[in-house]
Structures are given as C-alpha cells and as structure tokens.
Amino acid sequence: MCDGTKDCRDGSDEGPFCENWTTMCSNYICAGNDTECSPDRYGPTCLCVPSLSMRQYNYVTKQCDDVNECLLERPHCSHTCVNADGHYTCECDPGYTKDEFGYLCYANGPEAMLFFSTRNDIRYLKIKSKQMVTVATNIKQAHGVSFDGTYIYWGRP
Ligand SMILES: [Ca+2]
C-alpha cells in the first residue's frame with residue numbers, strides 16, 4: 001500500500017508507482033456514467049460504481065458493461081441463473097422454493113431427509129434444518145439404508 005510504510009519485506013509495496021499515487025487520478029477522467037478513477041500500480045484505473053454492482057469498465061466504449069455472472073465459474077444458483085444489468089437472480093424449477101438468501105432451491109412439501117449409516121448407527125439428516133437424528137444404534141455394519149416413509153431397511157454384509 002502506498003502509505004510511506006514498507007509493509008512488504010522487500011519494500012515492493014512502496015515502489016516507484018507510489019510517486020503519483022495520490023495525484024494520478026486528479027486529472028484523469030473516466031468517461032461514462034457511474035464511473036470513478038482509482039489509483040493502481042499500473043496507473044489510473046476506471047471503476048464502475050456502486051462497486052457492489054457487477055459492472056466492468058469498458059475502455060473502448062467508455063461505458064460500464066454488465067458482467068454476466070451466470071457465465072462466471074463460481075457457485076451461485078442451484079437451478080437457473082438469470083443475468084440482469086449489474087446483478088443476477090436465481091430462479092427455481094416449478095415445485096421448488098428459493099431459500100432465504102435467494103440462491104438454493106428446496107423442494108416444496110415435507111423436508112427432505114438423507115438416511116445413512118455410520119459404523120454402528122443408522123441416522124438421518126434433515127437437509128434444510130441440518131437436524132441430525134439417530135434412529136437405530138448398536139447396528140453392526142449396516143449397508144444400503146433405505147426408507148419407504150414408514151419403515152427403515154438395511155442390509156448386512
Ligand atoms: Ca449481470
């Protein structure tokens with residue numbers, strides 16, 4: 001950081017690019033709406049504001065272009081991503097409802113349960129509430145746990 005203090009051991013954070021750090025944006029104009037100049041080690045850089053919106057400055061058109069978050073490689077929507085100007089939204093398939101954060105889709109109806117066996121127990125996990133329930137103990141090596149809505153089945157090796 002160009003603040004006169006060498007934060008990096010080799011002092012690379014206070015390099016020659018710091019010389020005009022506070023003034024490099026003084027006479028630099030970023031064209032277009034909702035833009036601002038920010039100092040960078042390679043020179044004045046144009047940013048799109050508000051910074052939380054996903055828009056990227058296009059130096060050719062001198063405008064802020066929308067970023068298609070749906071094409072970015074990071075986890076977001078569990079079903080369908082819908083790109084919009086400066087942001088994106090998630091949509092769920094029919095029969096599903098979005099979680100409180102708007103990213104994950106949960107099936108409507110009773111909460112899904114994931115049955116599984118441990119070394120000696122058979123348990124289930126309620127997927128949405130993360131509640132863990134032990135339904136049988138002292139089981140020796142249960143395999144292939146299944147639930148038909150009333151009974152729990154498992155096999156033994
Ligand atoms: Ca977008």
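Under an unreviewed UniProt entry, the name given to the chain is Vitellogenin receptor-like, and the organism recorded is Trichoplusia ni.

### A closer look at the overall build of the chain
Scanning the chain from N- to C-terminus turns up zero helices and 13 strands. Start at the N end of the chain and walk to the C end: the helices and strands fall as β-β-β-β-β-β-β-β-β-β-β-β-β. Its C-alpha atoms give the chain a radius of gyration of 27 Å, more than 25% over the compact-globule value 15 Å for 157 residues. C-alpha atoms of the chain, sized along the principal axes, occupy 75 × 45 × 25 Å. If you take every contact in the chain between residues at least 6 apart in sequence, the share linking residues at least 24 apart comes to 17%.

### Re the environment of Ile 127
Its place among the elements puts Ile 127 in the loop between β10 (122-126) and β11 (132-136). Take Ile 127: there are 13 C-beta atoms within 10 Å of it, and that puts it in the partly exposed class. Taking the C-alpha atoms as reference points, Ile 127 and Arg 156, 29 residues apart in sequence, are found 26 Å from one another. Sequence-distant contacts of Ile 127, that is, excluding residues within four places in its chain, are made with Glu 111, Ala 112 and Leu 114.

### Quick word on the sheet that holds β10
Read across the sheet, three strands follow the order β9-β10-β11 without closing on themselves; strand pairing throughout is antiparallel. Single-partner strands in this sheet number two, and they are β9 (113-117) and β11. Taking each pair of neighbouring strands and ignoring which way they run, the sheet shows an average axis angle of 25 degrees. Pairing analysis gives five bridges linking β9 to β10, with the strands arranged antiparallel. Across the sheet, Phe 116 pairs through a bridge with Arg 123, a residue of β10.

### Details of the pairing of strand β13 (residues 152-155)
Across three bridges, strand β12 (residues 143-147) lies against β13 in antiparallel orientation. Bridge pairing links His 143 to Gly 155 in β13. In this antiparallel pair of consecutive strands, β12 and β13, the connection spans four residues, and Gly 149 shows a positive phi of 100 degrees.

### Structural notes on the environment of Cys 70
By the secondary structure assignment, Cys 70 is in the loop between β4 (63-66) and β5 (80-84). Taking C-alpha positions, Cys 70 is 9.1 Å from Thr 89, a pair spaced 19 residues apart along the chain. Dropping the residues within four chain positions of it, Cys 70 is found in contact with Cys 81, Asn 83 and Tyr 88.

### A few points about the domain arrangement of the chain
Each assigned domain of the chain is listed with its residue range as follows: domain 1 (12-66), domain 2 (69-107) and domain 3 (113-155). Here the C-alpha centre of domain 3 lies 31 Å away from the C-alpha centre of domain 2.

### Remarks on unusual backbone geometry
Cis rather than trans, the peptide bond between Val 49 and Pro 50 has omega equal to -5 degrees. Locating Pro 50 in the fold gives a position in the loop between β2 (43-48) and β3 (55-58). Residue Asn 138 is not a glycine yet carries a positive backbone phi of 55 degrees. If you trace the backbone, Asn 138 turns up in the loop between β11 and β12.

Quick notes on the rules
- Residues numbered from 1 in each chain as written.
- Predicted model: local features only at pLDDT ≥ 70, side-chain atom pairs only at ≥ 80, totals over all residues.
- Helix = DSSP H or I, 4+ residues; strand = E, 2+ residues; numbered from the N terminus.
- Rg over C-alpha atoms; globule rule 2.2 N^0.38 Å.
- Contact = placed C-beta atoms within 7 Å.
- Buried ≥ 20, exposed ≤ 12 C-beta atoms within 10 Å, placed from the backbone.
- Pairing = 2+ DSSP bridges.
- Axes fitted to C-alpha atoms, helices over the stretch in contact; angles between N-to-C directions.
- Domains from an automatic or database assignment.

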